[in-house]
Amino acid sequence: MINKKVTNVQEALQGIEDGMTIMLGGFGLCGIPENSIAELVQKETKLLTCISNNAGVDDFGLGLLLHKKQIKKMISSYVGENAEFERQMLSGELDVELIPQGTLAERCRAAQAGIPAFFTPAGYGTEVAEGKEVREFNGKMHVMEHAFNADFAIVKAWKGDTAGNLIFKGTARNFNPAMSGAAKITVAEVEELVEAGTLDPNQIHIPGIFIQRIFQGEKYEKRIEQRTVRNR
Amino acid sequence: MALDKIGIAKRIAQELKDRYFVNLGIGIPTLVANYIPKGIDVEFQSENGVLGMGPFPFEGEEDADIINAGKQTITTLPGASFFDSSLSFGMIRGQHVDLTILGAMEVAENGDIANWKIPGKMVKGMGGAMDLVASAENIIVAMMHVNKAGQSKILKKCTLPLTGVGCVKKVVTELAVLEVTPKGFKLLERAPGVTVEHIIASTEAELIIEGEIPEMSID
């Protein structure tokens, strides 16, 4: 067994420097690497390019990094619900690249899987396709999109073991699996870290080969963005 | 009388067919899940990674790890599954999802749709809408016929940045059901008590009108 366990978040994020490109898992505030984001705020790492489906809310998730002006560029599919984001974008402080959600996921997966580029119908005929190669397959037009090239991927899982194997829970899975192994170094933070051999190999969602560093996070807040309920 | 949002949702629910897998967008489309016709089985997909989505949880049973694409807390039904974003859009791109219902700011007579950006104002992003409209075989748009300024959203040509080209099959508004045909919008039904003249006056695009236009049947 190759041990991937590191002692804490500080050790896990060693080597992240100003100006790097970082992928962060999560959809809205669901399945985000809370401990690592808090540590990036502490480290005051600047000029980051962040690849993440959303940009958090004003006071949580990636919103915390935005608030400290640590992000230079955001690559996302949807960035609503964040007033500070809007302010920085309109004032030109923040560079924003919006791309279709499925394309975002596949550009992560392509990086993970060693596929340099692929064709998708998403965005054909729109401004997303401007300047990109388009090609017809089976009578339908497609746009060529490239794999991401990131320095770090930071993912969050429910359970993990010291070999780096990961299991996700519910829709907190989202972008985390496709980002695992999609950067030079992938860091996984988990709610529960167990010894290798404890998890059933049949139940592993992401094999440890994609993970370089794993640690158990603390005090997950798991904030709910839209609390919707029905009457009993 | 023109329909309200619930009326639009009820009319669109009539388009659901047995054994359909359906993706519902945010807003009016989400309401469609409340009016599934009796006797048919459908499953709802949410692109953040769940198939077999159920109703909102009871108070106290919300789980931060189980949400829909609108970031709302949800539940799952028997037979449900969770999966990652890449596989989710594989389902969508691979046309395993039968029907997509979404909102729009504008729809054009050639089936073009615009719903993600208003230049000069805030841009919130396209989310999964571009993937959905580029891939789905059957796309129904749920929206109001005119915008807040009273201008028609049913146009000869979209004026806003496009989300997808030539993809919309049907539009249901508070006034009418329209089908997108190779020759343009065809008026299929009118809301109860709404006249054909009213619909024509509220629509910038030309309408194909053949014979008597029936009223929608809504409970």
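Residues numbered from 1 in each chain as written. Chains lettered and ligands numbered in written order. Predicted model: local features only at pLDDT ≥ 70, side-chain atom pairs only at ≥ 80, totals over all residues. Heavy atoms only, no water.

As annotated in an unreviewed UniProt entry, chain B carries the name CoA transferase subunit B and is attributed to Flavobacterium hiemivividum. The UniProt entry for chain B carries the following comment under Sequence similarities (unreviewed entry): "Belongs to the 3-oxoacid CoA-transferase subunit B family." (UniProt positions renumbered as here; feature names shortened; annotations may be inferred.)

Looking up chain A in an unreviewed UniProt entry gives the name CoA transferase subunit A, with the organism given as Flavobacterium hiemivividum.

Turning next to the overall build of chain A. For chain A, the helix and strand inventory stands at six helices and 11 strands. Dimensions along the principal axes, computed over C-alpha positions, put chain A at roughly 50 × 50 × 40 Å. Of all 232 residues assigned to chain A, the portion counted as buried reaches 57%. A fraction of 73% describes how many contacts in chain A between residues 6 or more apart in sequence connect residues 24 or more apart. For chain A, the exposed area adds up to about 9,800 Å²; of that, 47% sits on carbon and sulfur atoms. When the 26 positive and 30 negative side-chain charges of chain A are each reduced to one mean point, those points stand 4 Å apart. (Helix = DSSP H or I, 4+ residues; strand = E, 2+ residues; numbered from the N terminus. Buried < 20%, exposed > 50% of the residue type's maximum accessible area, 1.4 Å probe, protein only. Contact = heavy atoms within 4.5 Å. Areas by Shrake-Rupley, 256 points an atom, 1.4 Å probe, with all protein chains shown as cover. Lys, Arg positive; Asp, Glu negative; His and termini not counted. Charge placed at Lys NZ, Arg CZ, Asp CG, Glu CD.)

Here we come to the sheet that holds strand β9 (residues 154-155) of chain B. Residues and elements named next belong to chain B. Read from one edge to the other, the open sheet built from three strands follows the order β7-β6-β9, with strand pairing classed as mixed. Edge positions in the sheet fall to β7 (113-114) and β9, since each of these pairs with one other strand and no more. Alignment of strand β6 (residues 106-108) against β9, held across two bridges, turns out to be parallel. The residue bridging A108 from the neighbouring strand is L155, located in β9. (Pairing = 2+ DSSP bridges.)

On to the environment of H205 of chain A, then. Residue and element names in this part refer to chain A. Within the secondary structure, H205 sits in the loop between β10 (183-194) and β11 (213-216). Judged by its relative accessible area of 30%, H205 falls in the partly exposed class. Sequence separation between H205 and G28 is 177 residues; the distance between their C-alpha atoms is 21 Å. With sequence-adjacent residues up to four places away left out, H205 is seen in contact with L166, I167, F168 and R173.

Let us look at the interface of chain B and chain A. Across the contact, 49 residues belong to chain B and 50 residues belong to chain A. Taking both sides of the interface into account, the surface hidden between chain B and chain A amounts to around 4,200 Å²; carbon and sulfur atoms contribute 59%. In this structure, the connection of chain B to chain A is made through six salt bridges. The salt bridge involving K222 of chain A is made with D65 of chain B; its shortest N-O contact spans 2.6 Å. Our enumeration of links across chain B and chain A arrives at 28 residue pairs in polar contact (both at pLDDT 80 or more). (Buried area = accessible area lost by both parts, 1.4 Å probe. Salt bridge = Lys/Arg side-chain N within 4 Å of Asp/Glu carboxyl O. Polar contact = N/O pair within 3.5 Å; in protein donor to acceptor, adjacent residues only side chain to side chain.)

Here the focus is the sheet that holds strand β12 (residues 184-190) of chain B. Residues and elements named next belong to chain B. Strands sit in the order β4-β3-β2-β1-β5-β8-β10-β11-β12-β13 across an open sheet of 10 strands; the sheet is mixed. Here the strands that pair on one side only, and so sit at the sheet edges, are β4 (76-82) and β13 (207-208). When strand β10 (residues 170-172) meets strand β11 (residues 176-181), the two strands line up antiparallel, connected through three bridges. In the strand pairing of β11, V171 is matched with L178.

This paragraph deals with the nonpolar core. As a rule of thumb, soluble globular proteins bury nonpolar side chains together. Within the largest apolar cluster, 51 residues are counted, with the highest numbers of intra-cluster contacts made by I101, V141, V171 and F185 of chain B. If sequence neighbours within four positions are ignored, V141 of chain B has contacts with I12, L102, G103, A104, V107, I113, V168, K170, V171 and V172 of chain B. Counting 36 residues, the second-largest nonpolar core is a separate cluster that includes L24, C50, F85 and V128 of chain A. (Core = buried A, V, L, I, M, F, W, Y, C linked by side-chain atoms within 4.5 Å.)

The subject of this paragraph is the packing of helix α5 (residues 101-113) of chain A against helix α3 (residues 85-93) of chain B. In the contact formed by α5 of chain A and α3 of chain B, the axes pass within 9 Å of each other and the chain directions differ by 125°. Relative to α3 of chain B, α5 of chain A is oriented oblique. Crossing of α5 of chain A against α3 of chain B: the hand is left-handed. Contacts from Q101, G102, T103, A105, E106 and R109 of chain A in α5 of chain A reach S85, S86, F89 and R93 of chain B in α3 of chain B. (Axes fitted to C-alpha atoms, helices over the stretch in contact; angles between N-to-C directions. Parallel < 35°, antiparallel > 145°, perpendicular 65-115°, else oblique. Left-handed = near helix turned anticlockwise from the far one by under 90°.)

Take the packing of aromatic side chains next. Residue and element names in this part refer to chain A. On inspection of all chains with the given rule, the structure shows one aromatic pair over all chains. If you follow K156 out to its NZ or CZ, it ends over the ring of Y220, 5.0 Å from the centre. Sitting above the plane of the W158 ring, K159 keeps its charged end 4.4 Å from the centroid. (Phe/Tyr/Trp six-rings, centres within 6.5 Å; stacked < 30°, edge-to-face > 60°. Lys NZ or Arg CZ within 6 Å of the ring centre and 35° of its normal.)

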